[in-house]
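Structure assessment
The residues making up each chain are set out below.
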Amino acid sequence: TTEIYTLSLHDALPIYWELLSAEFNKPVVQLASGSAKIDRNHWHRLGLRFHGKQIVAALDGVPLATVENSAHRQGMFALGTEWNQVQFDNLTVTP
């Protein structure tokens, strides 16, 4: 089955983020959400860190949320965007 955690940054004003847990053919679960101040003229760093059941979502090194969830214990990594222009740089995935 397809199981994912996703950290999304939405471009609507005000800019907001959400941390979701999703699994094929099941309802999406929102684990956390909030607003974010983003300067669109500068690079930003989004991060997800996993340790056991703990998930930390961060923006520019500052934690946005820390939650506990063990729905997905392993999986793949992916990047996605909507139909807007986006650039990625210095991408790192570490075990």
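What counts and what doesn't
- Residues numbered from 1 in each chain as written.
- Predicted model: local features only at pLDDT ≥ 70, side-chain atom pairs only at ≥ 80, totals over all residues.
- Heavy atoms only, no water.
- Helix = DSSP H or I, 4+ residues; strand = E, 2+ residues; numbered from the N terminus.
- Contact = heavy atoms within 4.5 Å.
- Polar contact = N/O pair within 3.5 Å; in protein donor to acceptor, adjacent residues only side chain to side chain.
- Patch = residues over 30% accessible without salt bridge, like charges linked within 9 Å, V, L, I, M, F, W, Y side chains within 5 Å.
- Areas by Shrake-Rupley, 256 points an atom, 1.4 Å probe, with all protein chains shown as cover.
- Salt bridge = Lys/Arg side-chain N within 4 Å of Asp/Glu carboxyl O.
- Buried < 20%, exposed > 50% of the residue type's maximum accessible area, 1.4 Å probe, protein only.
- Pairing = 2+ DSSP bridges.
- Axes fitted to C-alpha atoms, helices over the stretch in contact; angles between N-to-C directions.

A few words on the environment of Ser21. Note on placement: Ser21 falls in strand S2 (residues 16-23). In this structure the C-alpha to C-alpha distance between Ser21 and Thr2, which are 19 residues apart in sequence, comes to 11 Å. For Ser21, the residues in contact, after removing those within four places along its chain, are Ile4, Tyr5, Pro27, Val28, Val29, Leu31, Asn69, Ala71 and His72. Polar contacts involving the side chain of Ser21 include one to the side chain of His72, which spans 2.8 Å.

This part covers a nonpolar patch on the surface. Where nonpolar side chains cluster on the molecular surface, the patch consists of Phe77, Leu79, Val86, Phe88, Leu91 and Val93 and spans about 590 Å² of accessible area. The exposure class assigned to Val93 is exposed, which follows from its relative accessible area of 52%.

Once that is clear, we can look at the sheet that holds strand S4 (residues 46-51). What holds strands together in a sheet is hydrogen bonding between their backbones, with the strands either parallel or antiparallel. One open sheet holds the three strands; their spatial order is S4-S5-S6, and the pairing between them is antiparallel. The sheet is open, and its two edges are formed by S4 and strand S6 (62-68), each paired on a single side. The mean angle between the axes of side-by-side strands here comes to 15°, regardless of whether they run parallel or antiparallel. Of the strand pairs in this sheet, S4 and strand S5 (residues 54-59) are connected by six bridges, and their pairing is antiparallel. In the strand pairing of S5, Gly47 is matched with Ala58.

Without other data, these values stay purely geometric and don't point to any function.
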